[in-house]
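What follows is the residue order along each chain.
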Amino acid sequence: MNIRRSKALDRDQVYNVHHQAFAAAYGGAHGVRNAQLAVDLLEDPTAMPVLSLVAEEDGKIIGNIIFTKVSIEGADREIEAQILAPLAVLPTHQKRGIGGKLIRAGNQMLKEAGTELVFVLGHPEYYPKHGYDRVAIREGFNAPYPIPEEYHEAWMVQQLNGNALETCSGKVICCEVLMDERHWSE
């Protein structure tokens, strides 16, 4: 398996990976919505710089992860931050550590680029295995939209550089595509 940056020519396969993964997990409508989200993020100028990585096996894309730029409203200084969304692996290739490899590769590239914080709204049992701290709200970083208390543990953060978790707080503002409230309420 090879992990590399995605290219414009990969868009159809990236769409397919997200469609299959989310449709298998949550149903057809989620597959279409999340696949379109992935493609839209790659084209959203307010998301730049975007880091999109693919896992490839025998010339076929089997996984994809996308990180997009966020800003922190109310912080007393500019914080270099990103959000991980979405991550998908083909159902036939899940449970093989591919998602974890994509997360680690992406976080390493972001760390080398000087990114301080990476946020994710995701499964509270999965992402902590990859260094994410449950309850970013506790650390003083609110999501773009209120997250019901029973899902607070799903809003997570990982510090890659610096000390922003200890010295800053604020509300995370995502790119235009991710600021659609639908992505935060379902």
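The present account deals with the structure reproduced in this document. Source: prediction; values computed, not measured.

Observations concerning the overall build of the protein chain
Along its length, the protein chain carries five helices and eight strands. Overall, the protein chain shows an N-to-C arrangement of helices and strands of β-α-α-β-β-β-α-β-β-β-α-β-α. A compact globule built from 186 residues would reach a C-alpha radius of gyration of about 16 Å, and the protein chain, at 15 Å, matches this within 12%. Here the C-alpha coordinates of the protein chain stretch approximately 45 × 35 × 30 Å along the principal axes. By sequence separation, contacts in the protein chain at least 24 residues apart represent 69% of the contacts at least 6 residues apart. About 9100 Å² of surface is accessible on the protein chain, with carbon and sulfur atoms providing 49% of the total. Averaging the positions of the 18 positive and the 25 negative side-chain charges in the protein chain gives two centres separated by 7 Å.

Some words on the side chain of H183
Relative to the helices and strands, H183 is located in helix α5 (residues 182-185). If we skip the residues at most four places from it in the chain, H183 touches R33, L37, L121, V177 and L178.

What about the pairing of strand β8 (residues 170-173)?
Relative to β8, strand β3 (residues 60-73) runs antiparallel, the two being bridged by three bridges. By the bridge assignment for β8, S71 is matched with I173. Both strand β6 (residues 141-142) and β8 contribute to a ladder of two bridges, which runs parallel. Paired with N142 across the strands is K171, a residue of β8.

Let's talk about unusual backbone geometry
For the bond from M48 to P49, the omega torsion is 0°, close enough to zero to count as cis. For the bond running from A85 to P86, omega is -10°, close enough to zero to count as cis. Examined against the element boundaries, P86 turns out to sit in strand β4 (residues 81-89). Even without being a glycine, D58 presents a positive backbone phi close to 50°. Locating D58 in the fold gives a position in the loop between β2 (51-57) and β3. When its relative accessible area of 80% is taken as the criterion, D58 is described as exposed. Positive phi, close to 70°, is recorded for K95, a residue that is not glycine. With respect to the element layout, K95 can be found in the loop between β4 and α3 (98-112).

Side note on α3
Spacing of three or four residues puts side chains on the same side of an α-helix, whose turn is 3.6 residues. The terminal C-alpha atoms of α3 lie 21 Å apart, and with 15 residues this matches the ideal 21 Å at 1.5 Å per residue to within 8%. Considering only its buried residues, α3 is in contact with β1 (2-5), β2, β3, β4, β5 (117-121) and β7 (155-159).

Looking at the pairing of β5
Counting buried residues along β5, four of its five residues qualify, which places the element largely inside the surrounding structure. Relative to β5, β4 runs parallel, the two sharing four bridges. If you follow Q82 over to β5, its bridge partner there is V118. With respect to chirality, the unit in which β4 leads through α3 into the neighbouring parallel β5 is right-handed. Strand direction decides the pairing type here: β5 and β7, joined by five bridges, are antiparallel. Looking at β7, one finds that V118 is bridged to Q158.

So, the environment of G162
Tracing the backbone shows G162 in the loop between β7 and α4 (164-167). With a relative accessible area of 59%, G162 lands in the exposed category. Each C-alpha atom, one on G162 and one on D133, is 16 Å from the other, the two residues being 29 residues apart in sequence.

Quick look at the nonpolar core
The biggest cluster of nonpolar side chains holds 57 residues, and the ones touching the most others in it are I79, L84, L117, F119, Y132 and W155. With near-sequence residues (within four places) excluded, F119 lies in contact with V70, I72, A81, Q82, I83, L84, A136, F141, W155, M156, V157 and V172.

How each quantity is defined
- Residues numbered from 1 in each chain as written.
- Predicted model: local features only at pLDDT ≥ 70, side-chain atom pairs only at ≥ 80, totals over all residues.
- Heavy atoms only, no water.
- Helix = DSSP H or I, 4+ residues; strand = E, 2+ residues; numbered from the N terminus.
- Rg over C-alpha atoms; globule rule 2.2 N^0.38 Å.
- Contact = heavy atoms within 4.5 Å.
- Areas by Shrake-Rupley, 256 points an atom, 1.4 Å probe, with all protein chains shown as cover.
- Lys, Arg positive; Asp, Glu negative; His and termini not counted.
- Charge placed at Lys NZ, Arg CZ, Asp CG, Glu CD.
- Pairing = 2+ DSSP bridges.
- Buried < 20%, exposed > 50% of the residue type's maximum accessible area, 1.4 Å probe, protein only.
- Expected span 1.5 Å × (residues − 1).
- Right-handed = clockwise from strand over helix to strand, strands pointing away.
- Core = buried A, V, L, I, M, F, W, Y, C linked by side-chain atoms within 4.5 Å.

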